[in-house]
Amino acid sequence: FKSATEFQAELLLTVTPRLALGLSTGYFYSDLPEEETQVTIEKLTGTFVYTLPTKISALPLMLTATYYIPLNPVFRLYLRGAAGMAWAKYVDREGNKNITAENFGYPRLNKGSASGPAFSGGIGMTFAVEEGVQFFVEASWRLAKLSGFKGENKDEESGILYHYEERDEDLDYWQARNTILPASPEGENLRSAEETVVDFSGLTARIGISIKF
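All figures in this text were calculated on a predicted structure; none of them were measured in a lab.

Asks: Explain the pattern of salt bridges here, please?
Replies: A side chain of one charge can pair with a side chain of the opposite charge when the charged atoms of the two come close. Under the counting rule described, the total for this entry stands at 11 salt bridges. Across the salt bridge formed by Glu 6 and Arg 142, the nearest N and O atoms sit 3.0 Å from each other. Taken together, the residues span a long stretch of sequence, with Glu 6 in strand E1 (residues 5-14) and Arg 142 in strand E8 (residues 133-143) at a distance of 136 residues. Between Glu 6 and Arg 206 there is a salt bridge; the shortest N-O distance is 3.7 Å. Placement of the pair is Glu 6 in strand E1 and Arg 206 in strand E15 (residues 202-211), with a sequence separation of 200 residues. Bridged by salt links that share partners, the residues Glu 6, Glu 10, Arg 80, Glu 138, Arg 142 and Arg 206 form one connected network.

Here it is in C-alpha cells:
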C-alpha cells in the first residue's frame, strides 16, 4: 500500500487557555485494485494472469490531549498526543484467468477483522480567522500494528489470518500468502508461518478547520 485516505473529527474541551482534552474518531481506508496487482505468467499450458486485490480499513477511537503555545494574537503552536483503540477490517481476493479470458475467477477469498491499541503524537499550528473559527495545519505520527484478524475464507472456514510462504512446484517459487485458517499452516511446501500483521503506522500531514461552540 503506497497511499491511503483518512478522515478525522475531534471534540475538544478547553480546560485552560493552554490545555484541551478531547475525543477523536475517524476512518482510514486503502486498497490495491485489481489492475495494480496483475502478474502475467507463461506456463506450458498457456499464458495466465494473476491478481490479488486487497482492501484494508480502520476506525479509531482515541482520547487526546493538546497543549497550546501562543505566538501572537493570531498564531498558536501546539503539541498533541493521543491513545486509544482501532477496529480494522481486511479483505483480499486471489484471482486468475487465461490471458484470452474476459473475467477473472476467484478461488481464494479472505475476510477478517481485528482490534488493538493505537497511539499518535504530533505538532501543528492554528491560524485564527475570526472569533471561534480557526484553521490548522498538523504533522503527526501514528503507531497502530494490528494482528489476530479473525474471519472466514472462501470455503467458509473460520479462523485467523496467517501470513506464510507456499512453494509453487511448477515455477519453483516461494509465494507469500495471507489466508484465514483454523490453525497455523504446516507442511513440506510451507514456511515462515505467523499471524498476519497490518501496520497502520505512518506519518500524516493534514489541514483542517476548528469551530468553537
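Now that the structure is up, let's keep going.
Asks: Is there a simple way to think about the packing of aromatic side chains in this case?
Replies: Ring pairs (aromatic) are described by centroid distance and by the angle formed between their planes. Under the definition given, this model contains 5 aromatic pairs. Consider the rings of Phe 75 and Phe 127, whose centres lie 5.2 Å apart with planes at 40 degrees: the pair is tilted. In this pair, Phe 75 is assigned in strand E6 (residues 75-98) and Phe 127 in strand E7 (residues 105-130), connecting sequence segments 52 residues apart. Accessibility expressed as a relative area gives 31% for Phe 75, which makes it partly exposed. Residue Phe 127 is classed as partly exposed on the basis of its relative accessible area, which comes to 34%.

Asks: Would you mind showing me how to read the environment of Leu 181 here?
Replies: Locating Leu 181 in the fold gives a position in strand E12 (residues 173-181). Counting along the chain gives 57 residues from Leu 181 to Gly 124, while the straight-line C-alpha distance between them is 44 Å. Among all residues touching Leu 181, those that are not within four sequence positions of it are Ser 158, Gly 159, Ile 160, Tyr 162 and Tyr 164.

Asks: Please explain the environment of Leu 79 as it appears in this structure.
Replies: Within the secondary structure, Leu 79 is located in strand E6. Between the C-alpha atom of Leu 79 and that of Gly 121, which follows or precedes it by 42 residues, the distance is 7.7 Å. For Leu 79, the residues in contact, after removing those within four places along its chain, are Ala 65, Thr 66, Tyr 67, Gly 122 and Ile 123.

Asks: Help me out: how do you make sense of the nonpolar core in this one?
Replies: One broad trend across soluble globular proteins is that nonpolar side chains are buried collectively. Core analysis: the largest hydrophobic core is formed by 17 residues, its most contacted members being Ile 56, Ala 88, Tyr 90, Leu 146, Phe 149, Val 198 and Phe 200. Those elements that place two or more of their residues in this core are strand E5 (54-70), E6 and E7. When residues of this core are assigned to their parent elements, the largest contribution, 4 residues, is made by E6. In this view, Val 198 contacts Ile 56, Tyr 90, Ala 144, Lys 145, Leu 146 and Phe 149; residues no more than four positions away in its chain are not counted.

Asks: Looking at this structure, I do not really get a negative patch on the surface. What am I missing?
Replies: On the surface, Glu 152, Asp 155, Glu 156 and Glu 157 cluster together to form a negatively charged patch. Relative to the helices and strands, Glu 152 is located in strand E10 (residues 150-153).

Asks: When you look at the pairing of strand E2 (residues 19-32) in this model, what are you seeing that I'm missing?
Replies: Side chains on a regular strand alternate between the two faces of the sheet. In terms of strand pairing, E1 meets E2 through 10 bridges, oriented antiparallel. By the bridge assignment for E2, Gln 8 is matched with Gly 26. Hairpin connection, E1 to E2: the antiparallel pair is bridged by 4 residues. The sheet contact formed by E2 and E5 spans 12 bridges and is antiparallel. Bridge assignment links Leu 23 to a residue of E5, and that residue is Leu 63.

Asks: I tried to follow the environment of Ala 144 on my own but got confused; where do I start?
Replies: Mapped onto the secondary structure, Ala 144 falls in the loop between E8 and strand E9 (145-146). For the pair Ala 144 and Val 198, spaced 54 residues apart in sequence, the C-alpha to C-alpha distance is 8.5 Å.

Asks: Just checking my understanding: could you explain the pairing of E10 for this structure?
Replies: With 4 bridges joining them, E7 and E10 adopt antiparallel strand pairing. The partner of Gly 112 across the bridge, within E10, is Gly 151. Bridging between E10 and strand E11 (residues 158-168) involves 3 bridges; their strand directions are antiparallel. Its bridge partner being in E11, Lys 150 is matched across the sheet by Ile 160. From the end of E10 to the start of E11, which pair antiparallel, there are 4 residues, and Glu 156 there has a positive phi angle of about 65 degrees.

Cut-offs and rules
- Residues numbered from 1 in each chain as written.
- Predicted model: local features only at pLDDT ≥ 70, side-chain atom pairs only at ≥ 80, totals over all residues.
- Heavy atoms only, no water.
- Salt bridge = Lys/Arg side-chain N within 4 Å of Asp/Glu carboxyl O.
- Helix = DSSP H or I, 4+ residues; strand = E, 2+ residues; numbered from the N terminus.
- Phe/Tyr/Trp six-rings, centres within 6.5 Å; stacked < 30°, edge-to-face > 60°.
- Buried < 20%, exposed > 50% of the residue type's maximum accessible area, 1.4 Å probe, protein only.
- Contact = heavy atoms within 4.5 Å.
- Core = buried A, V, L, I, M, F, W, Y, C linked by side-chain atoms within 4.5 Å.
- Patch = residues over 30% accessible without salt bridge, like charges linked within 9 Å, V, L, I, M, F, W, Y side chains within 5 Å.
- Areas by Shrake-Rupley, 256 points an atom, 1.4 Å probe, with all protein chains shown as cover.
- Lys, Arg positive; Asp, Glu negative; His and termini not counted.
- Charge placed at Lys NZ, Arg CZ, Asp CG, Glu CD.
- Pairing = 2+ DSSP bridges.

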